[in-house]
Amino acid sequence: MPASEGANYAPAAMPKPVVEPGEFVFAAMHLDHGHIGGMTQGLIGAGGTLKWVYDPQPERLAAFAEQFPGVSVARSEEEVLEDPEVRLVAAAAVPGDRAALGIRVMEAGKDYFTDKTPLISLEQLAEAKAAVERTGRKYAVYYSERIHVESAVLATRLIQQGALGEVVQVQGMGPHRLGDPASRPDWFYERARYGGILTDIGSHNFEQMLTFTGSDDAEVLSSAIGNFAHPEHPELDDFGEAHIALSSGASGAVRVDWFTPDGLRTWGDGRTFVVGTEGYLELRKYIDVTTDNGPDQVILVNGEGEQRIEAHGKVGYPFFGELVLDVLNGTEKAMTQAHAFKAVELALIAQRDARVLRASGQ
């Protein structure tokens, strides 16, 4: 994966199979976002067996089949959903279509694993919650900026082990590179299909704030969006921010944008800062800018001193094995359903109530 292409972020699998071959069969469908590669790679690394792929566009099917040799190409969505061997369907559909697809998957008796954002409206959220309750299936979400980033996996462990004491604040920064605007699909610029910047890439950060503070709820205190530099796409938000109060008593802040400059070696200088009563840490997720240190740098300062920990290639991605076992055993160790839905609920409220700092063309 070229480092400049955040849409295709797909870390190499770090195989820690939790099942035998054929014990967990899954399928992939609706390949609208490149994250489907990382989702599939993670499940295969956990021991999953990829049986089917379906997409209405032949060129996407061909590229996916080349990336994952041996997968069978389905003639229709129904062919996948009617296969009793398939336990889970992974998908990265257009964001506005993800909820309806998930409901079809769950009503077919299979668990659903969708790219973030898992849906784009509070109405869709209510429908998804009702379908989960009705079917008893999972609506799992690929919040990749925590579950598929080794520095974030390590930070989760350190915080839960008390390395910072009680967490007081989490600040997340998620800059992304837009690249050639013409290379983006039409839906990327349509609010009714992508949901807005806080709903979309901001959902990662709301999930991390809940996780790092150990919270199960939060209140959005303020939020703002803007289109500062793309008047040709009036429905695009190229900037967003929000401030929340979490149920643990901590505060959270997020800033996301599409302003990564061409001079940066990767698609975004994603960082997270966590302050606790006994220490603080910083995650330099994708690059340690101006150095050759590589990604996944964890900078930890507490009563034991100052530490720089390189997590890349050393921590792995336990989420995928946990998800596989959750599907097989009916458990919720990878991520609870309530947590997955609460993260996107906060993103949706922040987007809905956001003050417009600058509208396109102003």
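Read on for an overview of the structure. (Residues numbered from 1 in each chain as written. Predicted model: local features only at pLDDT ≥ 70, side-chain atom pairs only at ≥ 80, totals over all residues. Heavy atoms only, no water.)

Some words on the pairing of strand E2 (residues 49-54)
Bridging between strand E1 (residues 25-29) and E2 involves 5 bridges; their strand directions are parallel. For Met29, the partnering residue across the bridge sits in E2 and is Tyr54. Note on the crossover from E1 through helix H1 (residues 35-45) to E2: the handedness is right-handed. In terms of strand pairing, E2 meets strand E3 (residues 72-73) through 2 bridges, oriented parallel. Bridged to Trp52 within E3 is Ser72. Read from E2 through helix H2 (residues 58-67) to E3, the crossover connection turns out right-handed. (Pairing = 2+ DSSP bridges. Helix = DSSP H or I, 4+ residues; strand = E, 2+ residues; numbered from the N terminus. Right-handed = clockwise from strand over helix to strand, strands pointing away.)

Here's the deal with the nonpolar core
Nonpolar side chains in soluble globular proteins tend to end up buried together. Core analysis: the biggest nonpolar cluster contains 110 residues, and Leu43, Phe64, Leu88, Phe113, Tyr139, Phe206 and Leu323 have the highest contact counts within it. With 9 residues, the top contributor of residues to this core is helix H11 (residues 337-352). (Core = buried A, V, L, I, M, F, W, Y, C linked by side-chain atoms within 4.5 Å. Buried < 20%, exposed > 50% of the residue type's maximum accessible area, 1.4 Å probe, protein only.)

What to know about the sheet that holds strand E6 (residues 139-142)
Read from one edge of the open sheet, 6 strands run E3-E2-E1-E4-E5-E6, paired in parallel fashion. Each having just a single partner strand, E3 and E6 make up the two edges of the open sheet. Along the sheet, H2 contacts E1, E2 and E3; its crossing angle with E2, the most-contacted strand, is approximately 165 degrees. (Contact = heavy atoms within 4.5 Å. Axes fitted to C-alpha atoms, helices over the stretch in contact; angles between N-to-C directions.)

Notes on the pairing of strand E13 (residues 297-302)
In terms of burial, E13 is a largely internal element, 6 of the 6 residues being buried. Alignment of strand E12 (residues 279-284) against E13, held across 6 bridges, turns out to be antiparallel. Bridge pairing in E13 places Leu283 opposite Val298. Inspection of the sheet shows E13 paired to strand E14 (residues 305-310) by 6 bridges, in the antiparallel sense. Each bridged residue has a counterpart across the sheet, and for Gln297 the counterpart in E14 is Glu310. Hairpin geometry of E13 and E14 is characterised by an intervening segment of 2 residues between the two adjacent antiparallel strands.

Considerations on the environment of Ser248
With respect to the helices, strands and loops of the structure, Ser248 is situated in the loop between strand E9 (239-246) and strand E10 (251-257). Each C-alpha atom of the pair Ser248 and Gly136 lies 29 Å from the other, and the pair is 112 residues apart in sequence. When residues no more than four places from it in sequence are discounted, the contact partners of Ser248 are Glu166, Thr213 and Ser215. At a separation of 3.2 Å, a polar atom in the side chain of Ser248 contacts the side chain of Ser215. Only 3.3 Å separates the side chain of Ser248 from the backbone nitrogen of Ala250, close enough to count as a polar contact. (Polar contact = N/O pair within 3.5 Å; in protein donor to acceptor, adjacent residues only side chain to side chain.)

Quick notes on the packing of aromatic side chains
Across all of its chains, the model carries 14 aromatic pairs by this definition. For the pair Tyr139 and Phe341, a centre-to-centre distance of 5.4 Å together with 50 degrees between the ring planes defines the contact as tilted. Here Tyr139, found in strand E6, pairs with Phe341, found in helix H11; they are 202 residues apart in sequence, far enough to count as distant. Classification of Tyr139 as buried rests on a relative accessible area of 0%. On the basis of relative accessibility, which here comes to 4%, the residue Phe341 falls in the buried class. With centroids separated by 5.9 Å and ring planes inclined at 80 degrees, the aromatic side chains of Phe228 and Phe239 adopt a geometry described as edge-to-face. Placement of Phe228 in the loop between strand E8 (218-226) and E9 and of Phe239 in strand E9 is noted, with a sequence separation of 11 residues between them. The ring centre of Phe188 lies 4.6 Å from the NZ or CZ of Arg184, which sits over that ring. (Phe/Tyr/Trp six-rings, centres within 6.5 Å; stacked < 30°, edge-to-face > 60°. Lys NZ or Arg CZ within 6 Å of the ring centre and 35° of its normal.)

A few points about a nonpolar patch on the surface
Nonpolar side chains collect at one region of the surface, where Val168, Val275 and Tyr280 lie side by side and expose about 250 Å² of accessible area between them. Structurally, Val168 is set in strand E7 (residues 167-175). (Patch = residues over 30% accessible without salt bridge, like charges linked within 9 Å, V, L, I, M, F, W, Y side chains within 5 Å. Areas by Shrake-Rupley, 256 points an atom, 1.4 Å probe, with all protein chains shown as cover. Salt bridge = Lys/Arg side-chain N within 4 Å of Asp/Glu carboxyl O.)

Observations regarding the side chain of Asp111
Structurally, Asp111 is set in strand E5 (residues 111-115). A polar contact is formed between the side chain of Asp111 and the backbone nitrogen of Lys138, at a distance of 2.6 Å. Contact partners of Asp111, with chain neighbours within four places excluded, come to Arg87, Leu88, Val89, Val105, Arg137, Lys138 and Val327.

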